[in-house]
There are 2 protein chains.
Amino acid sequence: MNWKNLDSISTYKKLGELKGHVNLQEVMSGENGAERVKKYNVPMAAGLTYYYAAKQVDDEVLDALQTLADETELTQKYEELYNGAVINTGEKRLVLHQLTRGQLGKAVIADGVDKRAFYVGEQKKAAEFANKVHNGEITNEKGEKFTTAVQIGIGGSDLGPRAMYLALENWAKATGNFKMEARFISNVDPDDAASVLKSIDVSRSLFVLVSKSGTTLETLTNESFVKDALRNAGLDPSKHMVAVTSETSPLASSSEYLAAFFMDDYIGGRYSSTSCVGGAILSLAFGPEVFERFLEGAAAEDELAKNPDVRQNPAMLDALIGVYERNVQGYPATAVLPYSQALSRFPAHLQQLDMESNGKSVNRFGEPVNYVTGPVIFGEPGTNGQHSFYQLLHQGTDIVPLQFVGFKKNQTGMDVQIQGTSSQQKLCANVAAQIMAFACGKNDENPNKSFAGGRPSSIVIGDQLTPEALGALLAHFENKVMFQGFVWNLNSFDQEGVQLGKVLAKRVLAHDTDGALRAFSDLLEI
Amino acid sequence: MNWKNLDSISTYKKLGELKGHVNLQEVMSGENGAERVKKYNVPMAAGLTYYYAAKQVDDEVLDALQTLADETELTQKYEELYNGAVINTGEKRLVLHQLTRGQLGKAVIADGVDKRAFYVGEQKKAAEFANKVHNGEITNEKGEKFTTAVQIGIGGSDLGPRAMYLALENWAKATGNFKMEARFISNVDPDDAASVLKSIDVSRSLFVLVSKSGTTLETLTNESFVKDALRNAGLDPSKHMVAVTSETSPLASSSEYLAAFFMDDYIGGRYSSTSCVGGAILSLAFGPEVFERFLEGAAAEDELAKNPDVRQNPAMLDALIGVYERNVQGYPATAVLPYSQALSRFPAHLQQLDMESNGKSVNRFGEPVNYVTGPVIFGEPGTNGQHSFYQLLHQGTDIVPLQFVGFKKNQTGMDVQIQGTSSQQKLCANVAAQIMAFACGKNDENPNKSFAGGRPSSIVIGDQLTPEALGALLAHFENKVMFQGFVWNLNSFDQEGVQLGKVLAKRVLAHDTDGALRAFSDLLEI
């Protein structure tokens, strides 16, 4: 592969000349706008479609992005990745999260085993365990069924699985797929665990301890907190806990757990929702069949990412438009705005996925880069965001590109008609209206009521947020981030930026500090 | 008052010459850093302190900021505001949220009444109502006590009150101040209301409908949704609902509510947590005495904001440092990072407060400004964020200023010792470590493991997150945003940027559309 910095790619200069090339206000007005909506979209998996008519692109920009994709060998690099190359060069690791949901290329043999078979085998173990919990073969010591599953994990062991659980909770309840309540403990703040424990019946709860290394301090601390609570309730912790970890971790063979399900170093935390990190808790909550459907949606989306034609590859297209917005147009942030309350924590997951993957200043060879990389990512569900930070998005001094998501149907099937329309119709009307308000704006003789427009957005539209659609959505963004990392020539799969804080925190706890660190530690009475 | 654009203020040019003036890595290293921590802090109310040693300031920058404060007449403008001037010029309204918690200056007479007396009177009504609910004088039709209070509101009627409730829930449970569970329905997505209703016993629930105008479409839609659910359960909705609204709203005198508590047009939604918008739900949840303590903390903080000395006025100082970072240093975003799980939704509240107030491109006279205004605001609680987006904060290509919050003690009093330290100590050690990692960074022979440092942060440190501390924290940020609006010469109290989307959404629902708006509406099957 030809790993090169973006500013050494010849198309990059050409792309720079296309700064401000498309006037959104103009092209999105009138029937021309309707033509763009028809033309500028690409099917995703699970019935989703990515619409980019309201992005600042036209055929000339798209052709330049195609040349950039070709020159940076994006799909070839993806192929290398899923065929088992050492893409995470810093940590000398393969990058195999796509393999947890499908076989995209050759068999990947590592550590002497077929990795696809390994991931499928672990998922099967988790599925069988979940089935036994559901049918009462595995119970608490009194023989009562477990009613609640509590994930203990932080970062990738928390944000993704939590967002996925919330995304499907109402759907599962409405479709008869709901098996167990799930809860999550993540923060080392003891009030997090204390408050979750107070809200559940620990005697009927199963705890899923998730740490790849088995050494994550927050997670081990919360494990102890939970074990104390179980013991105080006269319960045997080992009858209430399972571990999700790597085979080489201290947790792997411990007798302190009912079972252990494995992932490995080739699955980054933020990419682990489709491994047992998401699989154990989601299978417990909704049953293994639902988790399987989620994986199928992700696998189908991964297949689409193979297409070298940017107009036919939604993740690659989304990635390249993002690069154009970041490096050519100069926009510093991106907002993720799902019009679906079920996706309330999806932006927080994408925030980790994107910012932890591509928030870097050195290329994959450790050399500084001379261009901006990953943007700040934030978001809240619409319509809530409309009554909050949208003011800045519409009339602020910086332009923030927007990523909308919308579904035709809601999940619960419950709705109410007011003023002749349903809530779901109002929700959808709002997202359609916002796209146009951001794109075209509106002149008013009162400048305070004027909208400049020219604020680009895309929208993923689906029929309903089902497990398949969620899987496709998740994989879309994972692959988008991967392609952007390739364009920026980054290693998107390590996170050395989190290390220094850990080292210094240990020094504080060991009272091995001086200067300002000592001063702050004293103020906090550590 | 002398309302002038920032770029016409003479100090602004001088400030521009101070770009990059302080090398954080240098000044925060060694014993000099410890000296800075001792020197660069200012007391807030309720035992909180604002520490800004790790900001890119020194005496020269602070002197320039003092001159800027003087020249822009910040405390005089604040005085105008609390004495009842029409500061919200666009809507021709007074700005009186500080008056909900204290009398800062002269009596403010408007609409023929003393406004302080009006707000206190409404709070008293809400307090008496809450007491009657708690002591069983007001019950459901079967004479059973209400156990749950559900707020129906969106934007400012949701984010602030919800964040405040979550901030005090564990504290209240630990201190015997917990009266009723609170829940929140906000999104027009019908799954939001459906899922909250499924999780509660509606027959024992009291709904607090919050809409200043009484015409917020999302809120009225959710009201209907809830009324249907009550009727379907054989209950009389009018026995389960109270309204928080303005006296002139259609809800004010309706027989469909058990009671109505009033605010008015002088309290912006995002500034309404200390009015009955927050007061009704918080008094129901924790009792009126706790709400009173929350107001006292806010009132004390408001008093501190009168001080014309920037080094003695935490909100004004925070505001001015923010202006320096935004307009001189050129940083596009700010992260809010509370090391307290109880503050999990506080960043979402500040996101609205800040971005809706100062995300504007025209000055208070409707003229375009030639400088950047409000930044993007985002955040999650630490330590969770450390395992997520901190990678970009440490090693990304953009610098993002940080606002930390930390407390010496946790709220529940529950904790666990692991490896010789408590969870609370680990939490505090992490925030201290992060400040220093961001400020000083670390060189490593492997550039991928190097940290450039020079990333500025401040921290508010308190003893514990109590009602008083929360009130002080809330008022601090409200006043910070107010002062920044003054510096940027904005009207921070309107939000015309949210109007266009509303208008277009109505057109979609009326099928009065063409072009791309019609195309998107068709795709979403509205």
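Residues numbered from 1 in each chain as written. Chains lettered and ligands numbered in written order. Predicted model: local features only at pLDDT ≥ 70, side-chain atom pairs only at ≥ 80, totals over all residues.

**Quick notes on the domain arrangement of chain A**
Here chain A is described as being made up of domain 1 (6-71 + 307-380 + 398-409 + 451-494), domain 2 (97-292) and domain 3 (496-526). Spacing between the C-alpha centres of domain 2 of chain A and domain 3 of chain A amounts to 32 Å. (Domains from an automatic or database assignment.)

**Side note on the packing of helix H4 (residues 59-71) of chain B against helix H12 (residues 314-328) of chain B**
Residue and element names in this part refer to chain B. Between H4 and H12, the least distance of the axes is 10 Å, while the angle of their chain directions is 105°. If you check the angle between H4 and H12, you find them roughly perpendicular. Touching Val61, Leu65, Leu68 and Ala69 of H4 are Met316, Leu320 and Tyr324, all from H12. Of the residues assigned to the contact of H4 with H12, the class counts are seven nonpolar, no polar and no charged. (Axes fitted to C-alpha atoms, helices over the stretch in contact; angles between N-to-C directions. Helix = DSSP H or I, 4+ residues; strand = E, 2+ residues; numbered from the N terminus. Parallel < 35°, antiparallel > 145°, perpendicular 65-115°, else oblique. Contact = placed C-beta atoms within 7 Å. Nonpolar A, V, L, I, M, F, W, Y, C, P; charged D, E, K, R; others polar.)

**Let's talk about the environment of B:Phe520**
Structurally, the position occupied by B:Phe520 is in helix H18 (residues 515-523). In the structure, B:Phe520 is positioned 259 residues away from B:Phe261 in sequence and 41 Å away in space, judged by C-alpha atoms.

**Comments concerning the packing of helix H10 (residues 276-286) of chain B against helix H11 (residues 288-304) of chain B**
Residue and element names in this part refer to chain B. Two elements in contact, H10 and H11, have axes separated by 7 Å at closest approach and are oriented at 130°. With respect to H11, the element H10 is oriented oblique. Of the residues in H11, those touching H10 at Gly279, Leu282, Ser283 and Phe286 are Pro288, Val290, Phe291 and Phe294. Residue classes in the contact of H10 with H11 are distributed as six nonpolar, two polar and no charged.

**Side note on the relation of the copies chain A and chain B**
The second copy of the chain is related to the first by a rotation about an axis and a shift along the axis. For these two chains of identical sequence, chain A goes onto chain B by a turn of 180° and a shift of 0.0 Å along the axis, with RMSD 0.0 Å. Classification of the inter-copy transformation places it as that of a two-fold axis. Both copies contact each other with a shared surface, as 100% of the interface residues of chain A are interface residues in chain B too. (Least-squares fit on C-alpha atoms with pLDDT ≥ 70 in both.)

**Let's talk about the interface of chain A and chain B**
On the chain B side, the residues contacting the 123 residues of chain A number 123 residues. A class-by-class count of the residues in the side of chain A that touches chain B yields 54 nonpolar, 48 polar and 21 charged.

**Notes on the sheet that holds strand S5 (residues 148-152) of chain B**
All names here are of chain B. With respect to topology, five strands assemble into an open sheet ordered S6-S5-S7-S8-S9, the strand pairing being parallel. In the strand order of this sheet, the two ends are held by strand S6 (181-185) and strand S9 (259-263), each with one partner. Across the sheet, the mean angle from the axis of one strand to that of its neighbour is 20°, orientation sign disregarded. In this structure, S5 lies alongside S6, joined through five bridges in parallel fashion. When the bridges of S6 are listed, Gln151 appears paired with Phe184. (Pairing = 2+ DSSP bridges.)

**Quick notes on the sheet that holds strand S6 (residues 181-185) of chain A**
Residues and elements named next belong to chain A. Spatially, S6-S5-S7-S8-S9 is the arrangement adopted by the five strands of the open sheet, whose pairing is parallel. Since the sheet does not close on itself, it has two edges, and those belong to S6 and strand S9 (259-263), each with one partner. Averaged over all pairs of adjacent strands, the angle between their axes in this sheet comes to 20°, without regard to strand direction. In the packing of helix H10 (residues 276-286) onto the sheet, the strands contacted are strand S5 (148-152), S6, strand S7 (205-210), strand S8 (241-246) and S9, and the crossing angle to S9 comes to about 135°.

**Examining the nonpolar core**
If you look at the biggest cluster of nonpolar residues, it comprises 357 residues, and the most contacted ones within it are A:Val208, A:Leu320, A:Ala432, B:Val208, B:Leu320 and B:Ala432. The contacts of B:Leu320, once residues within four sequence positions are left out, are B:Leu65, B:Leu68, B:Ala69 and B:Val310. (Core = buried A, V, L, I, M, F, W, Y, C linked by C-beta atoms within 7 Å. Buried ≥ 20, exposed ≤ 12 C-beta atoms within 10 Å, placed from the backbone.)

**Considering the pairing of strand S10 (residues 333-339) of chain A**
Residues and elements named next belong to chain A. The buried fraction of S10 amounts to seven of the seven residues, a majority that puts the element mostly inside the structure. Alternating positions in S10 separate into two faces, Ala333, Ala335, Leu337 and Tyr339 on one and Thr334, Val336 and Pro338 on the other, with burial throughout. Note that S10 and strand S11 (residues 376-378) share three bridges and pair parallel. Bridge pairing in S11 places Ala335 opposite Phe378. In this fold, the crossover linking S10 to S11 by way of helix H13 (residues 346-358) has right-handed handedness. Direction of pairing for S10 relative to strand S12 (residues 402-407): parallel, over a ladder of five bridges. Paired with Ala335 across the bridge in S12 is Leu402. (Right-handed = clockwise from strand over helix to strand, strands pointing away.)

**With respect to helix H6 (residues 115-135) of chain A**
The terminal C-alpha atoms of H6(A), which comprises 21 residues, lie 30 Å apart, in line with the 30 Å expected from a rise of 1.5 Å per residue. At its buried positions, H6(A) is contacted by strand S3 (109-110), strand S4 (113-114), S7, S9, H10 and helix H11 (288-304) of chain A. (Expected span 1.5 Å × (residues − 1).)

**Let's talk about the environment of B:Pro250**
The topology assignment puts B:Pro250 in the loop between strand S8 (241-246) and S9. Residues B:Pro250 and B:Gly214, spaced 36 residues apart in sequence, show a C-alpha to C-alpha distance of 5.9 Å.

**Focus on unusual backbone geometry**
Looking along the chain, the bond that leaves A:Gly382 and enters A:Thr383 is cis, with omega of 10°. Among the secondary structure elements, A:Thr383 is positioned in the loop between S11 and helix H14 (390-395). Positive phi outside glycine occurs at A:Lys92, with the angle close to 50°. Residue placement: A:Lys92 occurs in the loop between helix H5 (74-82) and S3. The phi angle at B:Asn489 is positive, at roughly 65°, despite the residue not being glycine.

**Some remarks on helix H15 (residues 423-440) of chain B**
All names here are of chain B. Across its 18 residues, H15 extends 26 Å between first and last C-alpha, which sits within 8% of the 26 Å expected from 1.5 Å per residue. Burial within H15 is extensive, with 18 of its 18 residues counted as buried. Of the residues flanking the end of H15, it is Gly441, one or two places downstream, whose phi is positive at about 60°.

**Notes on the pairing of strand S15 (residues 457-462) of chain B**
Residues and elements named next belong to chain B. Counted residue by residue, S15 has six buried out of six residues, so it is predominantly covered. In terms of strand pairing, strand S2 (residues 49-51) meets S15 through three bridges, oriented antiparallel. Among the inter-strand pairings, Thr49 is bridged to a residue of S15, identified as Ile461. Pairing of strand S12 (residues 402-407) with S15, which is carried by six bridges, proceeds in the parallel orientation.

**A few points about the environment of A:His134**
Residue and element names in this part refer to chain A. Mapping His134 onto the fold places it in helix H6. For His134, a count of 17 C-beta atoms within 10 Å corresponds to the partly exposed category. Residues His134 and Tyr371 lie 237 residues apart in sequence; the distance between their C-alpha atoms is 52 Å. Other than its neighbours up to four places away in sequence, His134 contacts Lys179 and Gly287.

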